[in-house]
Amino acid sequence: LGTNPTDQALAGLLKQCECNAGVLGGLVAAVAQEVGLPAVSGVGVPKWAKGVQSAIADCADLPGPTRKMLHFFCGETGGLLQGSTGRKILVFRWLAHLSALSLTAASQAVWLTPVAVAMLEPAAVRDSFLPSMPMDARAAMSHILGGGWYKCPNGHSYYVDACGRPTEVLQCPECGADIGGLDHELLESNRKGTEDESPSGYSVSAYNENNLDRFLHLRELSPLAARMLRALMHGTMLISAVTRDARPAINEIVDLPPSLPEFFSQQLASDLSLAAELLGGADETLAVCLHDVLDALSTTVDVRGLSQALDKLSSDTAVAEDDEEGDGQAGADAAVLQRRQQYKVSVRGKQDWRQLTKDARAAWEIGVQHLYLFPRLETAGRDDRVAALLKKWGGSGMRAGPFLADLEERTPPELLAACERIASLPLVWSFQPELTQTSLQKAVFSHPDSATRFPALSAVLRLHQRMASLRFLPQVMTWANLVASRFSRRMTLEQARSATVRSILADLPETEAPKWQAAFAGFCAAWNCSRQWITHFECQQIPKEYTERTMSDDVPLSFTAHTEKDEGLIAFALQMWLVETHNAVVEITSADSSRVPRLSSRLAQFSDVCVFGKGHTAIEELITFANDRCVGDAGVDLLRLERHVRASTGGKPIIALEVPRFVFVGDEHAGDLGVLSTKVAQRRLPPSVAKRLRVELASKSSADACRRTCQVVLSFLASTGGLGSLGEEVACMSLSRYCETVLLLSEELPSTTVASEVLLCHLEGFLTLLDSLTADDPFASVSSKYREDLTPDLEQELLAVAARFDLQILLPALRSLAASLVEEHLAASEALRDVLSYVSSDQGDIGAQPWFEAVPLGLELRHARAVHLSLAASYHV
């Protein structure tokens, strides 16, 4: 065709097409190359090529289907090719290659034969089971789980898992009849059901069904192999529908669309787009793989090689079965082995591949996948093979210029020698789109071993949106420490709700403000990025009105003070969520998680957190790095990208969440202590025991350890045994015995007195003592007018009567009073006894206590802090 043939030469060539499939196949390929491609690419049909189109139209000896096929490949595609110009060229050349091979394959015993028959003789495949077609749902279940299907006496189906043979007698859920059997023997009244009712012929019922199942699994085909073979079938059916009546090949379960060519064109476009994503996103890689697979399928069926592939698979399954534990897995593997033996029998000595049974189809798919597709598409050598083929078919890195220049025939082809003409054949369409997030995800997750081969990369792609807020983890922890150190045990919940963060920041000294502002900015950014995923605090669901709140400096301080209830839940939940997300990434991306260092959240810096690049999202950095260094003509270098991710997370520690607990004044144990008194009757901690405890727990770390243990015990007691009392036996149980025998806590209490003499009935008094040992100065934020020192006479008078006071009640009352003295609403000259008399305790108002009359009358509100310090000191002696 490239030598401007005469009308007589063309007529002779077309006449040979009647009786010579090889000539017709060659003519289809040549017409597509010389006439159709310029039309599809937009270059325009050469003037001489119009004579070819006329000759085809005028040749009376051409059968109708042949004439239609040649017209189609002359570029008269009727708008059936979809996508960009590059994708149209890719599809057009591949369809020409497929058609040319199919014309000769239909009469031979090659791998492409059952597909070719569907193209050229649709009626002959109505009862054939075509490759890549859907399978019966019950058969799919058996393929995955093993087992078998049976029917009860009344015809209702039921399933037996594992080996597929019954080992017990049950009742049919439909009619109540006995089903199953014993010792692998089926009941005589039952019968074996039909396990595979897969439809024959073409049976993809709708475009959406083909498109939505993005990671298609069929029988033993991988997603990529299944998608490539599905594309092969849809390309075949498209040409069949264009050239002849394809309806006889279509199963009755398919609702026939108005236009079969358009329907199959849509299906093919969907298949090729998904296949490109599974291959890494490059159209040039898709083109090379499509043509490479067609070359392989044009070879003679190697029945012996197919049998060996089935034997190899069965051998691998048997080895895996020996390594598995449990009858269920062994039974499922046994069913797989039995099924493969059936496949092997179905193809033994097979000569005619024009039609396939169900077993022969499965054997054909396994053979194609393991002999041709895996070596070309799904192994580590794929990238090298694609690069070699690109070089063979025109050189790596060539783009649209040389391709279109050849189509425009700037050099007259008749002036070139045959060898030069062959050497200058147009390139495979070489278009490399920029890698996107979607194409990268498909390239990774479509890999059969992505979780084990690319664990770090897979983790980042799954968690990248959540990782965006990890960069703010140090600021979140800093904010928690700042708020707790300044306001914990010094502010009531009502005060925290009435004070905005803006007002708190405005009152800070100039030297401290920058640190607080930076920490709060990070807290806001972290919450606003992450709140969609933070729905629970431990087992407690966070109210929607909390999670929907956007953080800014006009929110009440109570939303940023980390507590285990009310609105403070969100601050605590944010800290936990950030630490858990960071640790999950570290554990997945570390080669040996047992050797990863541990670090307290109090010490965590930006360099300790899993953050990628300078952007706010890990995916942005990954895409930039991949496009710069990992994308080539052979696709995406996923191993290099995996190494980059590991290098970015290397040396990151596991973070242990350690933040000081925020406690509002008057709420130290209010909730659980209120319930505790109904469960375990509380008694006063003996003074002699309290005195020894103050000595043994003088270390703040020891007191904190006891306090944490008591919190656990208190929470557990509050939620145990309904609403009634737990009885005297529980009340008299020692704290240490309860921890050891009930809570199964292995940590020893840091005091012999605690271990031997503190009982559960002393828990409330013990917690009060611990509060006094661990609490910071509750009067630190109190107005200066309430912080005057006692006169010597007043201090001597106070200490003289201190022994009469119940300091386990009076000291908490003074700390509670401190919260109301932050602002100067009360006169400093008011009598302290008058103000204290209205403060409530679990024993009622302080003023109603019999010892309260001993409080000296000369004490005024100006002495509040001094009185607390003096009494607290005497309590510790």
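Worth saying up front: this structure is predicted, and the values here are computed from it rather than measured. (Residues numbered from 1 in each chain as written. Predicted model: local features only at pLDDT ≥ 70, side-chain atom pairs only at ≥ 80, totals over all residues. Heavy atoms only, no water.)

Caption draft 1: Geometry of the overall build of the protein. Broken down by element type, the protein carries 39 helices and 14 strands. Taking contacts inside the protein between residues at least 6 apart in sequence as the whole, the part at least 24 apart equals 75%. About 39100 Å² of surface is accessible on the protein, with carbon and sulfur atoms providing 51% of the total. (Helix = DSSP H or I, 4+ residues; strand = E, 2+ residues; numbered from the N terminus. Contact = heavy atoms within 4.5 Å. Areas by Shrake-Rupley, 256 points an atom, 1.4 Å probe, with all protein chains shown as cover.)

Caption draft 2: Representation of the nonpolar core in the model. Of all hydrophobic cores here, the largest spans 108 residues; its most connected members are Leu70, Phe73, Leu95, Leu112, Leu232 and Phe264. In contact with Leu112, other than residues within four places in its own chain, are Leu98, Leu101, Ser102, Ala105, Leu232, Leu294 and Leu297. (Core = buried A, V, L, I, M, F, W, Y, C linked by side-chain atoms within 4.5 Å. Buried < 20%, exposed > 50% of the residue type's maximum accessible area, 1.4 Å probe, protein only.)

Caption draft 3: Expanded view of the confidence of the model for the protein. Scored by pLDDT, the protein comes out at a mean of 78, with 81% of its residues at no less than 70. Of all helices and strands in the protein, the one with the weakest mean pLDDT is helix α16 (residues 400-407) (42), whereas strand β3 (residues 169-171) scores best (94). Under a pLDDT of 50 for its full length, residues 395-411 has, in the predicted model, 36 contacts with residues more than four places off or in other chains. (pLDDT = per-residue confidence, 0-100.)

Caption draft 4: Highlighting the pattern of salt bridges. Summed over all chains, the structure comprises 15 salt bridges. Where Asp245 meets Arg247, a salt bridge forms, and the shortest distance between an N and an O atom there is 3.0 Å. Salt bridges sharing partners connect three or more residues here, namely Glu788, Glu860 and Arg862. (Salt bridge = Lys/Arg side-chain N within 4 Å of Asp/Glu carboxyl O.)

Caption draft 5: Molecular detail of the sheet that holds strand β4 (residues 178-182). Reading across from one edge, β3-β4-β5 is the order of the 3 strands in this open sheet, with antiparallel pairing throughout. With one partner strand each, in any of the chains shown, β3 and β5 (185-186) form the two edges of the open sheet. In the sheet, β3 pairs with β4 via 3 bridges, with the strands oriented antiparallel. When the bridges of β4 are listed, Leu170 appears paired with Ile179. (Pairing = 2+ DSSP bridges.)

Caption draft 6: Focus on the pairing of strand β1 (residues 148-151). Bridge analysis of β1 against strand β2 (residues 157-160) gives 4 bridges, and the strand direction is antiparallel. Looking at β2, one finds that Gly148 is bridged to Val160. Counting the residues that bridge the hairpin from β1 to β2 gives 5 residues, and of these Gly155 lies at a positive phi of roughly 85°. In the sheet, β1 pairs with strand β6 (residues 191-192) via 2 bridges, with the strands oriented antiparallel. Each bridged residue has a counterpart across the sheet, and for Tyr150 the counterpart in β6 is Lys192.

Caption draft 7: Here's a closer look at the environment of Gln355. Turning to its location among the elements, Gln355 is positioned in the loop between α13 (327-347) and α14 (358-377). Classification of Gln355 as partly exposed rests on a relative accessible area of 42%. Along the backbone, Gln355 and Arg126 are 229 residues apart, and their C-alpha atoms lie at a distance of 9.4 Å. Within the structure, Gln355 has its side chain in polar contact with the backbone oxygen of Ala124 (distance 2.3 Å). (Polar contact = N/O pair within 3.5 Å; in protein donor to acceptor, adjacent residues only side chain to side chain.)

Caption draft 8: Geometry of helix α24 (residues 513-530). Along its 18 residues, α24 runs 26 Å from first to last C-alpha, staying within 8% of the 26 Å computed at 1.5 Å per residue. Looking only at α24, the buried set comprises Ala513, Trp516, Ala519, Phe520, Gly522, Phe523, Cys524, Ala526, Trp527 and Ser530. Tucked inside the fold, the buried residues of α24 contact α21 (473-487), α23 (501-506), α25 (544-547) and α26 (569-589). (Expected span 1.5 Å × (residues − 1).)

Caption draft 9: Region of interest: the sheet that holds β1. Here we have 3 strands laid out as an open sheet, ordered β2-β1-β6, and antiparallel in their pairing. Across the chains shown, the open sheet's two edge strands, defined by having one partner strand only, are β2 and β6.

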